[in-house]
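One-letter residues, chain by chain:
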Amino acid sequence: KGTQAQYLVEKYELLHISTGDLLRSELKAATPLGLEAKKYIDKGELVPDEVVIGMISSQLDQNIGKVKGFIFDGFPRTKAQAEALDKLLDFKNTAITQVLALDVPEEEVVARIMNRGLTSGRSDDNNQEIIKNRFSVYLNETTAVAEHYKEFDKYSSIPGIGTIEEVFKSLTEAIEALS
Ligand code: AMP
């Protein structure tokens, strides 16, 4: 998702907001928030909702009106986060345009993350148990986000299998179909 988000940012001139990247930079700077988040990240669990919602709220405050739009990457990941995001955006007189969900089977996700783990230096990329836990957290908590946006007709499932170019083509086709 990070790779595709980068390409989308270039094509549509959006601001990329990845909660994972924000948390990892807090961790690197050893801030209290980063050290608290590490406990969850290292187990493949979700960081508490109020922590990530607070980070997103301050990103919106800093950037709304200054950029063409946003791509949220890895957020929202729970129904509570989705509802909080909708409220924050509504307060700023805007809303989510569309959710683009990359659909990739579990075996492929595990293989890709293990491969990234060879170079990423991420502790959560190197351990098969942690990766499996991340996948089950996704099934338990994040599928509710899909349901939430389906209700508003704002959800597109995009095949995430194929080359980077093929996946990017499917994403841009889904985006162009919106206008
Ligand atoms: P990612 O970079 O999106 O793979 O996220 C890496 C880790 O950061 C996740 O396994 C969670 O521990 C944490 N994280 C990232 N985004 C969120 C979020 N929206 N809510 C809770 N935890 C998150």
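Further up the page is the structure itself.
Here goes a summary of the coordinates provided.

The rules behind these values
Residues numbered from 1 in each chain as written. Predicted model: local features only at pLDDT ≥ 70, side-chain atom pairs only at ≥ 80, totals over all residues. Heavy atoms only, no water. Helix = DSSP H or I, 4+ residues; strand = E, 2+ residues; numbered from the N terminus. Buried < 20%, exposed > 50% of the residue type's maximum accessible area, 1.4 Å probe, protein only. Contact = heavy atoms within 4.5 Å. Areas by Shrake-Rupley, 256 points an atom, 1.4 Å probe, with all protein chains shown as cover. Lys, Arg positive; Asp, Glu negative; His and termini not counted. Charge placed at Lys NZ, Arg CZ, Asp CG, Glu CD. Near = heavy atom within 4 Å. Polar contact = N/O pair within 3.5 Å; in protein donor to acceptor, adjacent residues only side chain to side chain. Nonpolar A, V, L, I, M, F, W, Y, C, P; charged D, E, K, R; others polar.

### Focus on the overall build of the protein chain
- Scanning the protein chain from terminus to terminus reveals eight helices and four strands.
- The linear arrangement of helices and strands in the protein chain, starting from the amino end, is α-β-α-α-α-β-α-β-α-α-β-α.
- The principal-axis extents of the C-alpha atoms in the protein chain amount to approximately 40 × 40 × 30 Å.
- The buried share among the 179 residues of the protein chain stands at 36%.
- The long-range fraction of contacts in the protein chain, counting pairs at least 24 apart against all pairs at least 6 apart in sequence, stands at 70%.
- Carbon and sulfur atoms provide 53% of the accessible area of the protein chain, an area that totals close to 10500 Å².
- Between the mean site of the 21 positive side-chain charges and the mean site of the 29 negative ones, the protein chain shows a separation of 4 Å.

### Here's the deal with the site of the ligand
- The ligand sits among 17 residues. The nearest are Lys1, Thr19, Arg24, Glu45 and Gln81.
- With respect to the ligand, the backbone of glycine 74 contributes an N or O atom lying 2.9 Å from a nitrogen atom.
- Arginine 77 has a polar side-chain atom sitting 3.0 Å from an oxygen atom of the ligand.
- Expressed as a share of its isolated accessible area of 480 Å², the protein-covered part of the ligand is 97%.
- Broken down by element, the shell around the ligand gets its largest block of residues, four residues, from helix α2 (residues 19–28).
- A class-by-class count of the residues in the shell around the ligand yields six nonpolar, four polar and seven charged.

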